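Overview (structure and organization)
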Amino acid sequence: MTDLVIYFSRSGENYFGGQLKNIEKGNTEVIAEYIQELDGADLFKVEPANEYPADYMQCIDVAKKEQQNDARPEIKNALDDIDGYDTIYIGFPNWWGTLPMPMFTQLEKLDFTGKTVKPFVTHEGSGFGSSQRDLKKLCNGGDIKNGLSIPGANVYDVKDTVEAWIKE
Ligand SMILES: Cc1cc2nc3c(=O)[nH]c(=O)nc-3n(C[C@H](O)[C@H](O)[C@H](O)COP(=O)(O)O)c2cc1C
């Protein structure tokens, strides 16, 4: 059975080891595409109805407020079910210690009962943060496997690591 990757990723201005850089493809998307290539998985990108600012400082403000308000930002095309999949990869950047709030919007719509869940995160030093605790609630009923944590600056050097983790 084909696997599915549900992910969020933001292009635009971002921090790399203390420096602001503009990127055309988000870090998490690079990993999602490795999984597509190596595993033949389908990709589903969670896209907020209102795009986040490309400006990094503005973006972190918006994201912080959403988290403080426990918001569920509207998303463009929600996925209604995952009935046709057994294994779901869930990918996201660490935003203020956990998943970006649009991932909450999406994941709460889905029933993970009996599914295998493989989470991956890209980050600037905090790894999964508290996202694994949040994922337990969001993917209630799923069997959550060992996660993969990748520093955002390294995404172009970790294809082998991703391949080994897929095979775990
Ligand atoms: C709004 C926002 C909040 C972030 N918060 C954290 C954080 O708390 N800890 C951390 O290690 N990195 C944090 N980062 C850095 C991102 O997790 C990292 O750059 C990630 O690779 C971005 O993935 P993307 O390009 O797929 O969106 C934050 C970035 C943004 C834009």
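Anything mentioned here points back to the structure above.
The present account deals with the structure reproduced in this document. (Residues numbered from 1 in each chain as written. Predicted model: local features only at pLDDT ≥ 70, side-chain atom pairs only at ≥ 80, totals over all residues.)

Let us now look at the overall build of the protein. When helices and strands are counted, the protein shows five helices and eight strands. When the helices and strands of the protein are listed from N to C terminus, the series reads β-β-β-α-β-α-β-α-β-α-β-β-α. For 168 residues, the compact-globule estimate of 2.2 N^0.38 gives 15 Å, and the C-alpha radius of gyration of the protein, at 15 Å, lies within 12% of that figure. Residues counted as buried form 35% of the 168 residues belonging to the protein. Put simply, of all contacts in the protein between residues at least 6 apart along the chain, 80% involve residues at least 24 apart. (Helix = DSSP H or I, 4+ residues; strand = E, 2+ residues; numbered from the N terminus. Rg over C-alpha atoms; globule rule 2.2 N^0.38 Å. Buried ≥ 20, exposed ≤ 12 C-beta atoms within 10 Å, placed from the backbone. Contact = placed C-beta atoms within 7 Å.)

Time to look at the nonpolar core. Soluble globular proteins tend to bury their nonpolar side chains together. The biggest cluster of nonpolar side chains holds 36 residues, and the ones touching the most others in it are V5, I31, I35 and Y89. For this core, the secondary structure elements donating two or more residues are β1 (4-7), α1 (27-39), β5 (87-93), α3 (101-107), β6 (116-123), α4 (131-138), β8 (148-151) and α5 (159-167). Counting residues per element, this core draws most heavily on α1, at five residues. If we skip the residues at most four places from it in the chain, I35 touches V5, A41, Y89, V162 and I166. (Core = buried A, V, L, I, M, F, W, Y, C linked by C-beta atoms within 7 Å.)

On to the site of the ligand. By nearness alone, 22 residues border the ligand, and G26, T28, P93, T122 and G152 come closest of all. Where the shell around the ligand is concerned, the elements lending two or more residues are β2 (12-16), α1, α2 (56-68) and β6. Residue composition of the shell around the ligand, by class: seven nonpolar, 12 polar and three charged. (Near = placed C-beta within 6 Å. Nonpolar A, V, L, I, M, F, W, Y, C, P; charged D, E, K, R; others polar.)

The next thing to look at is the environment of P93. Following the sequence through the fold, P93 ends up in strand β5. A residue is classified by how many C-beta atoms lie within 10 Å of it, and P93, with 23 of them, is buried. Beyond its immediate sequence surroundings of up to four residues, P93 is in contact with S9, R10, N27, T28, P100, T122 and H123.

You will see that D70, though not glycine, has its phi angle at about 50°, which is positive. Relative to the assigned elements, D70 resides in the loop between α2 and β5. You can call D70 exposed: it has 8 C-beta atoms within 10 Å. Of note, the phi angle at W96 is positive, near 50°, even though the residue is not glycine.

The next thing to look at is α4. Where α4 is concerned, the buried positions are S131, L135 and L138. Here the buried residues of α4 occupy an arc of 65° about the axis, which is enough to place them on one side. Of the residues in α4, the exposed ones pointing more than 90 degrees away from the buried face are R133, K136 and K137. Where α4 is buried, its residues contact β5, α3, β6 and β7 (143-144). (Arc of directions from axis to C-beta.)

Turning next to the environment of G141. Tracing the backbone shows G141 in the loop between α4 and β7. C-alpha of G141 to C-alpha of E74: the two residues are 67 residues apart in sequence and 25 Å apart in space. Other than its neighbours up to four places away in sequence, G141 contacts F112, T113 and G114.

An ideal rise of 1.5 Å per residue puts 18 Å on 13 residues; α2 measures up with 18 Å between its terminal C-alpha atoms. Within two residues after α2, D70 carries a phi angle of roughly 50°, on the positive side. (Expected span 1.5 Å × (residues − 1).)

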